Protein chains: 2
Amino acid sequence: MSNLLTLTQPNRFADATHASDSAWRQQGSLWSNLRQVCELLTIQPPATADDEDTLFQHVRFKAGQRIHRIGQVFDTLYIVNSGFLKTVHIDEYGNEQVLSFPMKGDLLGIDGIHKQHYASEAIALSDCDMILVPYKTFTSLGRIHVELEQAMFSVMSREIVREQMMISMLSALSAEAKVARFLTNLGERFNQMGYSGRSFNLRMTRQEIGSYLGLTLETVSRTLSALNELGMISVEQREIKLIDPVALKTLRRLPPAKARIKVSEIVSEKVTEKVNALVNKNILPQWNKDMAVALN
Amino acid sequence: MSNLLTLTQPNRFADATHASDSAWRQQGSLWSNLRQVCELLTIQPPATADDEDTLFQHVRFKAGQRIHRIGQVFDTLYIVNSGFLKTVHIDEYGNEQVLSFPMKGDLLGIDGIHKQHYASEAIALSDCDMILVPYKTFTSLGRIHVELEQAMFSVMSREIVREQMMISMLSALSAEAKVARFLTNLGERFNQMGYSGRSFNLRMTRQEIGSYLGLTLETVSRTLSALNELGMISVEQREIKLIDPVALKTLRRLPPAKARIKVSEIVSEKVTEKVNALVNKNILPQWNKDMAVALN
DNA sequence: CGATGGATTGATCAAGCTCAAGGCACGTGG
DNA sequence: CCACGTGCCTTGAGCTTGATCAATCCATCG
């Protein structure tokens, strides 16, 4: 599966205005068959599939290039074969809101189906190898292979659930919890891709993380520093190591009054003085103090 | 084909205390045909549809009843024919997060497709008349009427876009802007349903609005009072009148540093003293002062 | 090497949360 | 019919989180 991306591609996307225009100029580029595409999406390939039947073209994008833009006519879905991206929504006043950080196996462009124009913008954060799935192909495949239609609904449903989780997280969690979860989520995704989920490099800026989490870049930076000093992670610029994933995952929202937490779950070791110091230095919020005190 | 859904439900709703009680007692209950269902969802009914071919059963729910719960096995989609509901996600610690307020024409349950278990909980806020769409029927219809499959993808895509908007709003807007938009959105939806979009009753508590918008109920209450005193709306308990929808819709986010706003767009009239008074009384946040001053 | 974009850190402050008290509407039972 | 309870809403006072503004640092790259 990994030999799929030996593609050397002239940069005909330099202008990038119309990604797909240039697509059919592709000659010696790579193609994937249906089975490979299904594996990428982690869905069952249909038993009826003929490996040579339908082929999907690969296209490479350089870091910084746009895969599609808001308002552009929709006709293609994209699957990430390698690389990292962000999708963003631009509000009425030009502010950029990061919606997701797609990586290997993720499907892009679904939001374009509704109005037949993309509702978001996808931008490569690193060099990327993307598989083109013309929407027409997508739908007709569903009709040919019955099991596939199921899987397609399932993938869209998964996206909806993902966004629901995002909404929950945005409106319920504290800054610390948001950042902590963001890191563990990233870790899990790296794991699934076969990389280390403990030690990885961020592909996005603090700014982008902040936008994604509904925080400012300063808060993201401060929180990373705090988690670092607490010994839950180690940060050095973009290089992240998750030292205490359990503590990270259970780091909770600043509790809404009533349901306060069993402190033992919060941090793995005694950290009273450390925590107090950080609270006093204004790196950690007040309530950590009580918890740390209650700890030992 | 014609009897795809002659369902007298087995014990899907095993828990007799809820919802379902009423469900199977309905014998002479209402049924809708495909054409009617399509109209409700505002999608094109397929030309090939035979009105008597496929029928969809209606089920009534009383205010407070659950339509489905988290984790329950998924096999049915619901379309709201009348009434008002909320969907919620319950986090690991029992906190309720409101995800949407479905009403006439909305489709519920899509989030169950992915794992074959509902990922959220739907609760009637008023008496509701719901149309059952067994998932099996749903998918087989897509195969029979080709145009329908399109429409089904489109509906799911619309939901994804809606949630993206929600995410943007949650992380970018101020409390005031959130509440203002919430009201205008509600108004627009009432309009589409043929009711007045200017004057309506809230079906949900301040608590639920707050959860939906990522605010506390107190903030929601205060903000409503503020918009009321500013003359943009009138509030009396659950009764809302939108007096200046334009001002409401353009009420902006607390600007993120750089891109500050053309003040003229904010409020429709001169309101300097009013605003100052409210700021001093701590009802409106500080920055309104500058805007009001800049106004005249 | 300087320039540039990103990251860190500090100091200050206000938006929105928490806690608390009281008010209003509606239903139920005496 | 009123008294009372309950659930929801409003308003106030004070405090914390996280935003803002600003200075500095660091890394990369032409």
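Note that the structure is predicted; figures quoted are calculated from it, not measured. (Residues numbered from 1 in each chain as written. Chains lettered and ligands numbered in written order. Predicted model: local features only at pLDDT ≥ 70, side-chain atom pairs only at ≥ 80, totals over all residues. Heavy atoms only, no water.)

Q: Talk me through the side chain of Lys178 of chain A; I want residue IDs and the actual numbers.
A: All names here are of chain A. Along the chain, Lys178 turns up in helix α4 (residues 175–192). Although Lys178 is buried, it forms no salt bridge, and the closest oppositely charged side chain is Glu176 at an N-O distance of 12 Å. Not counting the four nearest positions on each side in its chain, Lys178 is found in contact with Met169, Leu170, Leu173, Leu213, Gly214 and Leu215. (Helix = DSSP H or I, 4+ residues; strand = E, 2+ residues; numbered from the N terminus. Buried < 20%, exposed > 50% of the residue type's maximum accessible area, 1.4 Å probe, protein only. Lys, Arg positive; Asp, Glu negative; His and termini not counted. Salt bridge = Lys/Arg side-chain N within 4 Å of Asp/Glu carboxyl O. Contact = heavy atoms within 4.5 Å.)

Q: Describe the interface of chain A and chain B, with residues and values.
A: Residue-level contacts link 45 residues of chain A with 46 residues of chain B. Between the two partners, chain A and chain B, sit 4 salt bridges. Close ionic contact of Glu92 of chain B with Arg181 of chain A constitutes a salt bridge, the shortest N to O distance being 3.0 Å. There are 14 residue pairs in polar contact (both at pLDDT 80 or more) connecting chain A and chain B. Contributing elements (two or more residues each) for the side of chain A that touches chain B: β6 (96–100), α2 (135–144) and α3 (146–172) of chain A. A per-element tally of the side of chain A that touches chain B places α3 of chain A first, with 21 residues. Within the side of chain A that touches chain B, the residues separate by chemical class into 19 nonpolar, 16 polar and 10 charged. (Polar contact = N/O pair within 3.5 Å; in protein donor to acceptor, adjacent residues only side chain to side chain. Nonpolar A, V, L, I, M, F, W, Y, C, P; charged D, E, K, R; others polar.)

Q: Can you break down the nonpolar core residue by residue, with the values?
A: The tendency in soluble globular proteins is for nonpolar side chains to be buried side by side. Among the nonpolar cores identified, the biggest contains 79 residues, and Phe182, Leu183 and Ile233 of chain A together with Phe182, Leu183 and Ile233 of chain B are the most heavily contacted of them. Those residues in contact with Ile233 of chain B that lie beyond four places of it in its chain are Leu183, Leu224, Leu227, Asn228, Lys241, Leu242, Ile243 and Leu248 of chain B. Residues Leu41, Ile131 and Leu141 of chain A together with Ala124 of chain B belong to the second largest nonpolar core, which totals 78 residues. (Core = buried A, V, L, I, M, F, W, Y, C linked by side-chain atoms within 4.5 Å.)

Q: Explain the relation of the copies chain A and chain B to me, and be specific about the residues and the numbers.
A: Mapping chain A onto chain B calls for a rotation angle of 180° and an axial translation of 0.0 Å; the resulting RMSD is 0.1 Å. This pairing of chains is accounted for by a two-fold axis. With an isologous cut-off of 70% or more, the 100% of interface residues of chain A that recur at the interface of chain B puts this contact in the isologous class. (Least-squares fit on C-alpha atoms with pLDDT ≥ 70 in both.)

Q: Summarise the environment of Ala49 of chain A; cite the residues concerned and give the values.
A: Residue and element names in this part refer to chain A. Along the chain, Ala49 turns up in the loop between α1 (34–40) and β2 (55–61). Taking the relative accessible area as the measure of exposure, Ala49 reaches 13% and is therefore buried. It is 9.3 Å that separates the C-alpha atoms of Ala49 and Asn33, two residues lying 16 residues apart in sequence.

Q: Give a detailed account of the sheet that holds strand β7 (residues 107–108) of chain A, specifying residues and quantitative values.
A: Spatially, β1-β2-β9-β4-β7 (chain A) is the arrangement adopted by the 5 strands of the open sheet, whose pairing is antiparallel. The open sheet has two free edges, formed respectively by β1 (31–33) and β7 of chain A, since each of these has just one partner strand. (Pairing = 2+ DSSP bridges.)

Q: Residue-level account of α4 of chain A, with values.
A: All names here are of chain A. Its 18 residues give α4 an end-to-end C-alpha distance of 26 Å, which sits within 8% of 26 Å, the value for a rise of 1.5 Å per residue. If you check which residues of α4 are buried, you get Glu176, Ala177, Lys178, Val179, Ala180, Arg181, Phe182, Leu183, Thr184, Leu186, Gly187 and Phe190. One or two steps after α4, the chain reaches Gly194, where phi turns positive at roughly 95°. (Expected span 1.5 Å × (residues − 1).)

Q: Hey, could you go over the packing of aromatic side chains for me, with residue numbers and the actual values?
A: Scanning the entire structure with this criterion turns up 19 aromatic pairs over all chains. With centroids separated by 5.0 Å and ring planes inclined at 55°, the aromatic side chains of Phe101 of chain A and Tyr212 of chain A adopt a geometry described as tilted. Here Tyr212 of chain A lies in helix α5 (residues 206–213) and Phe101 of chain A lies in the loop between β6 and β7, a separation of 111 residues in the sequence. The class for Tyr212 of chain A is buried, based on a relative accessible area of 10%. Here the aromatic rings of Tyr135 of chain B and Phe138 of chain B are separated by 5.9 Å at their centres, their planes lie at 25°, and the arrangement is stacked. Pair noted here: Tyr135 of chain B and Phe138 of chain B are both in helix α3 (residues 135–144), with a separation of 3 residues, about one helical turn. Like Phe138 of chain B, Tyr135 of chain B is buried. A network of ring pairs unites the aromatic residues Phe74, Tyr118, Tyr135, Phe138 and Phe153 of chain A together with Phe74, Tyr118, Tyr135, Phe138 and Phe153 of chain B as a single cluster. (Phe/Tyr/Trp six-rings, centres within 6.5 Å; stacked < 30°, edge-to-face > 60°.)

Q: Any chance you could break down the environment of His58 of chain A for me, citing the residues and the numbers?
A: Residues and elements named next belong to chain A. Along the polypeptide, His58 turns up in strand β2. Considered as a pair, His58 and Tyr78 are 20 residues apart in the sequence and their alpha carbons are 9.4 Å apart. Polar contacts involving the side chain of His58 include one to the side chain of Asp129, which spans 2.8 Å.

Q: I'd like a rundown of the pattern of salt bridges, residues and numbers included.
A: All names here are of chain A. With the rule as written, the count across this model stands at 18 salt bridges over all chains. Note that Glu159 is salt-bridged to Arg162, the shortest N-O span being 3.3 Å. One end of the pair, Glu159, and the other, Arg162, are both in helix α3, 3 residues apart, so they sit about a helical turn from each other. By sharing partners, the salt bridges in this structure join Lys86, Glu96 and Glu208 into a single network.

Q: With reference to specific residues and values, describe the side chain of His58 of chain B.
A: Residue and element names in this part refer to chain B. By relative accessible area, His58 is classed as buried at 4%. A polar contact of 2.6 Å, which involves the side chain of His58, links it to the side chain of Ser32. Those residues in contact with His58, other than ones at most four positions away along the chain, are Ser29, Leu30, Trp31, Ser32, Asn81, Asp129, Met130 and Ile131.

Q: Got a sec to walk through the confidence of the model for chain A? Specific residues and values, please.
A: All names here are of chain A. Summing up the model confidence of chain A, the mean pLDDT is 82 and the portion of residues at 70 or higher is 75%. Here residues 1–26 is a poorly scored stretch, pLDDT under 50, and it has 48 contacts once near neighbours within four places are set aside; other chains count. Predicted confidence for residues 254–270 stays below pLDDT 50, and this span has 23 contacts to residues more than four positions away or in other chains. (pLDDT = per-residue confidence, 0-100.)

Q: Any chance you could break down the pairing of strand β2 (residues 55–61) of chain B for me, citing the residues and the numbers?
A: Residue and element names in this part refer to chain B. Across the 7 residues of β2, 5 count as buried, placing the element largely inside the fold. Two elements, strand β1 (residues 31–33) and β2, share 3 bridges in a ladder whose sense is antiparallel. Across the sheet, Asn33 pairs through a bridge with Leu55, a residue of β2. Bridge analysis of β2 against strand β9 (residues 128–134) gives 4 bridges, and the strand direction is antiparallel. Pairing of Val59 across the sheet is with Met130, part of β9.

Q: Give a description of the pairing of strand β11 (residues 233–236) of chain B that names residues and reports values.
A: Residues and elements named next belong to chain B. Side chains Ile233 and Val235 project from β11 onto a buried face, and the interleaved Ser234 and Glu236 project onto a face without burial. As paired elements, β11 and strand β12 (residues 239–242) share 4 bridges and run antiparallel to each other. Residue pairing in the sheet places Ser234 in a bridge with Lys241 of β12. Hairpin connection of β11 to β12: 2 residues between the antiparallel strands, including Gln237 at a positive phi of 55°.

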